[in-house]
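Structural characterization, general
So the chains spell out like this:
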Amino acid sequence: MEALPMYRPTKLDTLPADPTMDEVRQFLPPFIADEAVFDGWTPTARDAAAAAQGVEPGLATLAFDKGPMDMIDAWISHIDAQMIVAFPPERIAAMKIRERIRALVAFRFEAVAHQREALRRATAIMALPANLARTARISWRTADLMWRLAGDTATDYNHYTKRAILSGVYGSTLMAFLDDESPDFADTHAFLERRIDNVMQFEKAKAKWTSRGESLSLSRFLGRLRYPAR
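The following paragraphs examine the structure supplied in this document. (Residues numbered from 1 in each chain as written. Predicted model: local features only at pLDDT ≥ 70, side-chain atom pairs only at ≥ 80, totals over all residues. Heavy atoms only, no water.)

Aromatic ring pairs: the centre-centre distance and the angle between the two ring planes describe each pair. Tallied over the entire structure, the rule returns 6 aromatic pairs. Residues Phe27 and Phe31 carry aromatic rings whose centres are separated by 5.1 Å and whose planes lie at 45° to one another, so their mutual orientation is tilted. Classification of Phe27 as buried rests on a relative accessible area of 5%. What makes Phe31 partly exposed here is its relative accessible area of 24%. Both rings, one in Phe87 and one in Phe107, keep their centres 5.8 Å apart while their planes meet at 90°; by these two values the pair is edge-to-face. Within this pair, whereas Phe87 is found in the loop between helix H5 (68-86) and helix H6 (89-93), its partner Phe107 is found in helix H7 (residues 97-111), the two being separated by 20 residues in sequence. One exposure class covers both Phe87 and Phe107, and it is buried. Taken together, the ring pairs in this structure connect Phe109, Phe177 and Phe185 into an aromatic cluster. Above the plane of the ring of Phe87 lies Arg91, whose end atom (NZ or CZ) is 4.1 Å from the centre. Above the plane of the ring of Phe191 lies Arg195, whose end atom (NZ or CZ) is 4.6 Å from the centre. (Phe/Tyr/Trp six-rings, centres within 6.5 Å; stacked < 30°, edge-to-face > 60°. Buried < 20%, exposed > 50% of the residue type's maximum accessible area, 1.4 Å probe, protein only. Helix = DSSP H or I, 4+ residues; strand = E, 2+ residues; numbered from the N terminus. Lys NZ or Arg CZ within 6 Å of the ring centre and 35° of its normal.)

Outside of glycine, negative phi angles account for most residues, and trans bonds account for most peptide bonds. Phi at Asp184 is positive, roughly 55°, even though this residue is not glycine. As for its placement among the helices and strands, Asp184 is situated in the loop between helix H10 (157-178) and helix H11 (186-210). Overall, Asp184 belongs to the exposed group, its relative accessible area being 71%. The residue Phe185 is not glycine, and still its phi comes out positive at about 55°. Tracing the chain through its elements places Phe185 in the loop between H10 and H11. Overall, Phe185 belongs to the buried group, its relative accessible area being 18%.

Right under this line is the structure:
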């Protein structure tokens, strides 16, 4: 199986004088998230962010004309782009694989610590039945990006199992983060370490069992990640 090119989201730190809709989609999401802390992922939040940043209201409306999921998806893409900048190849190269994954997942919740209520509201919207398919695609995209930044080049079934498992680790860690009131999110970091321990145990067991021609249940393992015993 040929490896697909890495998904490379882009972000804008400043907006051109005469921006296109694509440029507005890249620039405005973190400011919408700031407003979503108070107003949710609504047209009110979008319009307030546009007004604060000097974006023409009609252009902002056209850029995010398909509702909350458009804004949330663009916000997550913005975080993806931040992650790429934060983890250049030379930084990743100095880490062991376990530390790479831990640092990448930790970066994502630390990056939105000041917008935690926006994340809480986004999570509720993404969990709606009508949004589950798109949510799954976004989750897979993020897991794929993290693995590729970590240096993964697998193209066999491991390509899929790694991303499915990391999606479970990331999702469960975000849920822990939303309820964490400990200093510097120490409880979330500890939770993440336990989940990565689970993954390492699974990988060791998988290697042992597959060498015998047997298999492990990925679905049961993902269930443990989603509903872990603390």
